[in-house]
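Listed below, chain by chain, are the residues.
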Amino acid sequence: MEIIQIEDADLQAIEGHRCRTFQALPHPLNASVIIDDIQAYGRKRVIVICNTVSQAQGLFRDLEELNYETLQVTLLHSRFLPEHRAQKETELKTIFAQDWKDDGNCYVLISTQVIEAGINITCQVMHTQLCPMNSLLQRAGRCARFRGEQGEVFIYPTVEVNPASTAIAIADLEEDESEPKKQSYLPYPKETCELTWQVLEAHTQSAQAHENVGFRTEEAWINQVHTAEDLLQQQRRQNNQMQFEQHFETAYFRGDQSAASELIRSVDNRSLFVWEQTPMIDIEEETIDPRKLLAFSVPISTLCKAWREFQNAGFGGDWIFKRIELPKKKSETYSQPVCTPITSRGVLVSSIQILVNPRYLYYDEHIGLLIGINEFGNGFASPPKPQRFIKNEYRYHMDTYIGHLGCMWTCWCNSFKTTRLKNGEPVDTVYGSVRDELLKAGGQLIKSKIFPQIQQQQAEALFELLVLLAIFTHDLGKLQIKWQEVMRGWQAIAHSSFQAKNPKAHLLAHTDYNPECQEQKAALKAYEKKHQRPNHAVESAYLAQDILNQCLVPLLQNDFSANKEQMQYIRHTVILAAGRHHSAWAGGWEQSDLTRIKTIQLHPQAQQAIAQSWKTMLRYLPPTLSLPPATLSKNVYQIKQKFDLNRFTTDQIEYLQLYLLVVRALRLCDQHSVQLHNT
């Protein structure tokens, strides 16, 4: 990474002779402060920013109560429906635009952090609640934003609302009743805000208080506040390193999906839904599916506060929140969600999707979402999500087993043009070859971390071979007699009733299916009720062992002088890629699975299909390595032992990295091969 210093001449051009001053004011920000400033200085474009949604809503209510005819107030935050928020943003871009015209009105925008980035607007004066310096300067970027403009930024330590709006304004501030009240800067850390205030206060008391604050001063302020904070964050990360490594090992090496989210971020918000529950569910009615409804994302602290106030109010058998879950051991698609009343704070915190009692929730397009025991429901219900046009986007075509592997290998080797559907519209697309994307990286990984004694070209040849073997083995499970029976049975129906291809005597990898055809969709559903196809991914991984023992292991031993451990782990990268080509969390077979599976019985033509596929694919493999031929050695495999796909540990991370590259190549080739039908 290179740090580029900005020259003073460039700064002058960037800042465009605009002037922006900052002043820290010790008193609270309230409606009177805003009105007094407007009247004293004839402001026409004013932006007010609060740290929380509820504070912004409270201040909005106060300004509305004043009811000035020439005052046009808009509220913007994250708890509006997307259509209302988009409409507001469009109007604001016009009103608070560069070169805005005075029409006699004063326009006030009350907002939260949602305008810190992404909205190109400007104002004459900004009133903002104290926040960390980096956020503050982001906010200030919406004041005197354009060339030649002048603006003032006023910073206040707190927001104060009238008593009638207090319940709204503190809805997001959860307080511990057992402790004395403290100054809150939520959602920001107190230490950073206090340090920011010290810097701003010193500036306000200095001789430069009324001078333009340009890039150099902002840079100095950031360094004053956030250098210490960054070091503190670094220390926190170091202290949490052990916990991170535990999550990483659990997620990646043991395949525990629940640990993966902890690696990405700490989720502080919950999805909030609202609908009227009926005591009886008519099976003819369409079931409620939260995935198809718009949800509000609300901080868990806000919900905890509302839940605690509800408990303290003693509403008896009533409820305010229910936990939304899908019934266990049932299809997600066709099951009514189960909604269980939340009876403790712990259950509330652990819930991801939450149903709120409509009587404690209010929504309109002016103030957004309000929630709490003091709100009166106005009949609002979660609206459906806008439907995306995905016509034919996921339509499947019949592929023979041999043809599918050939198409995948083509996608590895070559780029191609195709027409794909995006939101129902055809889009001309060029897919580059997967080989161009991953071959060099795969070769570098093998050379640098596994076989440092070999040349780059030889390492790339080995990586390409691993991809070939992953493609070759990933669908072996589809050669089971039962899999072919079920899928050929559907293809015969599709051929006779829906003008699909004739399966003839081919072994199949995919069948024809158009989800946009309701008649065909119903026919497939009825067919699948009577005919269940077996799984194939882990079965493919199991069968892959046979093939890899015949060709990969001897090659690693003879051409790369690999030791036993290297042969074992490289072989496992291919097995893992085949077993997880549909799900990154496939773990193999436990003892309890063995009774169910018992045997893998291959179709009588499986050997022939494998031989033809091998011959077809090897024609396009550069003759760099001498790969021994391979096929499955028998038609029936007795399953007597557990089969573990979670074999790598933190000591073998280079093989995990190799697996990630191989499985990415496999999945890209699999996805792109479907598009070859449209070329």
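All figures in this text were calculated on a predicted structure; none of them were measured in a lab.

By the definition in use, this model includes 0 disulfides. There is no disulfide at Cys193, and the cysteine sulfur nearest it, in Cys131, is 6.6 Å away.

Summed over the entire model, instances satisfying the criterion amount to 2 cavities of 30 Å³ or more. Estimates place the volume of the second largest cavity at around 30 Å³. The wall of the second largest cavity is formed by Tyr396, His397, Asp399, His510, Val674 and His677. Considered class by class, the residues forming the lining of the second largest cavity number 2 nonpolar, 3 polar and 1 charged.

What follows is about the side chain of Asp512. Positionally, Asp512 belongs in the loop between strand E17 (508-510) and helix H17 (518-530). Buried charge Asp512 goes without a salt bridge, the closest partner of opposite sign being Lys501 at 5.9 Å. Here Lys501 takes part through its backbone nitrogen, which lies 3.1 Å from a polar atom of the side chain of Asp512. Apart from residues lying up to four places away in sequence, Asp512 is in contact with Tyr396, His397, Met398, Trp490, Gln491, Ala494, Ala500, Lys501 and Gln520.

With that settled, consider the packing of helix H14 (residues 434-449) against helix H15 (residues 456-473). Helices that pack against each other are described as a pair by the angle of their axes relative to one another and the distance between those axes. Where H14 contacts H15, the two axes come as close as 8 Å, and the packing angle between them is 115°. Read as a crossing pair, H14 and H15 show a hand that is right-handed. Taken together, the residues of H15 that come into contact with H14 (itself represented by Arg435, Leu438, Leu439, Lys440, Gly442, Gly443, Gln444, Ile446 and Lys447) are Gln456, Ala459, Glu460, Leu462, Phe463, Glu464 and Leu466. Class assignment for the residues of the contact of H14 with H15 results in 7 nonpolar, 4 polar and 5 charged.

Calculation notes
- Residues numbered from 1 in each chain as written.
- Predicted model: local features only at pLDDT ≥ 70, side-chain atom pairs only at ≥ 80, totals over all residues.
- Heavy atoms only, no water.
- Disulfide = S-S within 2.5 Å.
- 1 Å grid on protein atoms, 1.4 Å probe; cavity = no way out; pocket = protein on both sides within 12 Å on 5 of 7 lines; lining within 4 Å.
- Points joined across faces, edges and corners; volume = space filled by probe spheres on them.
- Nonpolar A, V, L, I, M, F, W, Y, C, P; charged D, E, K, R; others polar.
- Helix = DSSP H or I, 4+ residues; strand = E, 2+ residues; numbered from the N terminus.
- Buried < 20%, exposed > 50% of the residue type's maximum accessible area, 1.4 Å probe, protein only.
- Lys, Arg positive; Asp, Glu negative; His and termini not counted.
- Salt bridge = Lys/Arg side-chain N within 4 Å of Asp/Glu carboxyl O.
- Polar contact = N/O pair within 3.5 Å; in protein donor to acceptor, adjacent residues only side chain to side chain.
- Contact = heavy atoms within 4.5 Å.
- Axes fitted to C-alpha atoms, helices over the stretch in contact; angles between N-to-C directions.
- Left-handed = near helix turned anticlockwise from the far one by under 90°.

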